[in-house]
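# Summary of the model geometry
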Amino acid sequence: MSGELVLEATGLRKRFGDNQAVNGVDISVGPGETFGLLGPNGAGKTTSISMIAGLLAADSGSVMVAGRPINTRSTDAKAAIGLVPQDLAIYPDLSARENLTFFGRLYGMKGPSLAKRIAEVLEVIGLADRANDRTKEFSGGMKRRLNIGIGLLHQPTLLILDEPTVGVDPQSRNAILESVEQLSRAGMAVLYTTHYMEEAERLCDRVAIIDQGVVKAEGTRRQLVELVGEADRIHITATGDLQAARAAAASVSGVLEATVADHSIEVMAGMASSLLPEVLARVAAGGAAITSVAVIEPNLEAVFLHLTGKALRD
Amino acid sequence: MEPALRIAGKDLRLRIRDRSFFIIGVLAPLGLAFIFKLILGGTVGEGAFTPSYAVVDLDGGQVGSSLVEVLEQVERSGSITLEAVGSRQEGERLIEEGEFDSLFVVPEGFSAAIQSGRPATLEIVGDIDAPTSTQIASAIAARFGQGVATAQLGVLTALAGRTTSPEDTAAIAGQAATIRSLTTVAPIEAASRQLDTTTYFIAGMAMFFLFFTVQFGVTGLLEERQQGTLPRLLAAPISRGSVVLGKAVTSLALGVISMAVLVVAARFLMGAKWGDPLAVGLLVLAAVLAGTGVMGVVAAVSKTPEQAGNTQSIIAVTLGMLGGSFFPVAQGGGALAALTYLTPHAWFMRGLGDLAGGGGVSRVWLPLVAMLTLAVVTGGIGWALLRRGFAR
């Protein structure tokens, strides 16, 4: 199994003075998989990926990337990793092309193949027409895109993105998320840290929820939701005999609870989508005229709240 | 080594692009050295400063004539100009008119007082606008007075226990007072170990600003951390030592380029005399290595580029002053003179001074060894601290 994994981090621990920043984190990412590390600021995300990328020495634990161990003394093995740090890691007095050329050469790229790859990356990140401008003249979003482009340049096996959308305008943010989706579809393994629940839900095949240096839970969104017992919610706006309609809805097998409030009926169920036709039929038969219906699935925010007792942005 | 050169190449491009290298490394030292030369060129260095003295001998005796003879001997060495005047009033008037810097007045009865063992006074009248010349005149007079006192003591010693007539005693004392010291400072050797004014101050300024120039390289590591690029460098498939080495190479390159530009420009534009090119090149290289080592330690113990810059400025100024970049501190003697040799500045200046009288690398081995030792010690400490600092 481990031979198939792009990343296998086991038992990572790191302490800074009295602060146990990371306490036994396990992360595994398969080929073509996008893995999200979701947690609030200070949860231990950046410390974890710093150890995974070989920037920071772990107090204990091990990291294997593409079958090779990674630590602070690794050199060649690090070529399998593309790191996009949270802070912009570009030189403002160099142009986009010069930044890419410098980092490309550090990864051993040179000559026509480097020039060709730089041209490809500039196209991917949408900066081909600004390639020779100094990056200090770029907008925040353009700098972010270049920051990602440098991480992609050497076509790594594992791309690590540390909160790449922090401080980015909505348009650039969407462009960044689309880029990550494209990379994932192209088969690149991605480790993505964020404290934005929407990003994790949109991008990640699997998510680990991390808080206070500990992974609280890990799995697909559905697995996490089921893990904490959160139910889907069917919100029905209707007129007529709502109490009778509520009782009819509650009688459907699989419905956990049904309540009436202000011209609407709230139905809680494990798999709302599959129960929806029957619930609506019973409500209509119960004497209510339905005017609108919405199915609300529990999100990772709710899962996080359930697991940690606090909101993601706390 | 290749990654280190890549990093150094990038850093050099940035430093040249933001013009800071040209301003700190080339323009500032050249400009300051030129200003120093204009201000101090008349008071320091060979041949540039020649005090002009007048002497009036109102005594006419043996000892007074002896003083005039001593002054004439100094004049013949080219160190002063001397002219006899007829009266004190004439001498004072000529000083007022700026013809002379100072006037030696041998008062009436001077020789008689000396010969009879009584106190005598030799007067110096100085131009208020030429304090240095007056101090030199006072020093010559004091030295002459010491010689006379020594002669008086010798006479008293010789006459102890003997009965002689007052005439004989006066004759012996007069002869003794005219005996000049047999000990002289060899002027050729002294000149060979001194830089001319221009070279001295350009060398001093070059060393002073070298410490600002080399800090660009080693402080670059803190700037990489501050601007967020350090993680990306550390994540690259290169050793951590390559990153530190890259910064050191940047410092060395900036330092050597800066010093080379200054040496060549000063040679052709300001007439600086450096000596054997190979030996000067080695001195420059050793000085740059030492400067890089010292500034590397400062960068290693600093948390931000600003903190490092402030500390490095203090270190650069302190070492510059102590090492003689502004004034020839070592000539003060004593503990201060010894302390100057804790700085690469002093060794660099000494090396250039040793070359001023001719000769090549063999003449500067001691300054080279001293600066390289300083480079190895501080560079080693800085290297270890910087690499350890990556874990912060």
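Analysis parameters
Residues numbered from 1 in each chain as written. Chains lettered and ligands numbered in written order. Predicted model: local features only at pLDDT ≥ 70, side-chain atom pairs only at ≥ 80, totals over all residues. Heavy atoms only, no water. Helix = DSSP H or I, 4+ residues; strand = E, 2+ residues; numbered from the N terminus. Contact = heavy atoms within 4.5 Å. pLDDT = per-residue confidence, 0-100. 1 Å grid on protein atoms, 1.4 Å probe; cavity = no way out; pocket = protein on both sides within 12 Å on 5 of 7 lines; lining within 4 Å. Points joined across faces, edges and corners; volume = space filled by probe spheres on them. Buried < 20%, exposed > 50% of the residue type's maximum accessible area, 1.4 Å probe, protein only. Core = buried A, V, L, I, M, F, W, Y, C linked by side-chain atoms within 4.5 Å.

### Some remarks on the side chain of Thr47 of chain A
With respect to the helices and strands, Thr47 of chain A occurs in helix 1 (residues 45-52). Excluding its chain neighbours within four sequence positions, the residues that come into contact with Thr47 of chain A are Lys14, Phe16, Ala21, Val22 and Leu56 of chain A.

### Looking at the confidence of the model for chain A
In this model, chain A carries a mean pLDDT of 87, and residues with pLDDT of at least 70 account for 97%. Averaged over each element, pLDDT in chain A is lowest for helix 10 (residues 300-308) of chain A (77) and highest for helix 2 (residues 96-106) of chain A (94).

### A word on empty space enclosed by the protein
Scanning all chains against the criterion turns up three cavities of 30 Å³ or more. Its volume calculated, the second largest cavity comes out at about 40 Å³. For the second largest cavity, the full set of lining residues is Leu83, Tyr107, Ile150, Gly151 and His154 of chain A together with Arg232 and Ala235 of chain B.

### Focus: helix 1 of chain A
Residues and elements named next belong to chain A. In terms of residue burial, helix 1 counts as a mostly covered element, since seven of its eight residues are buried. For helix 1, the full list of buried residues reads Lys45, Thr47, Ser48, Ile49, Ser50, Met51 and Ile52. Phi turns positive one or two residues past the end of helix 1, at Gly54, with a value near 80°.

### Comments concerning the nonpolar core
The biggest cluster of nonpolar side chains holds 65 residues, and the ones touching the most others in it are Leu7, Ile27, Ile52, Leu146, Ile160 and Leu191 of chain A. For this core, the element with the highest residue contribution is helix 2 of chain A, accounting for five residues. In this structure Leu191 of chain A touches Leu7, Ile27, Phe35, Ile49, Ile52, Leu158, Leu159, Ile160 and Leu161 of chain A, once residues within four positions along its chain are discounted. One finds Leu30, Val218, Ala287 and Leu355 of chain B within the second-largest nonpolar core, a separate group that totals 50 residues.

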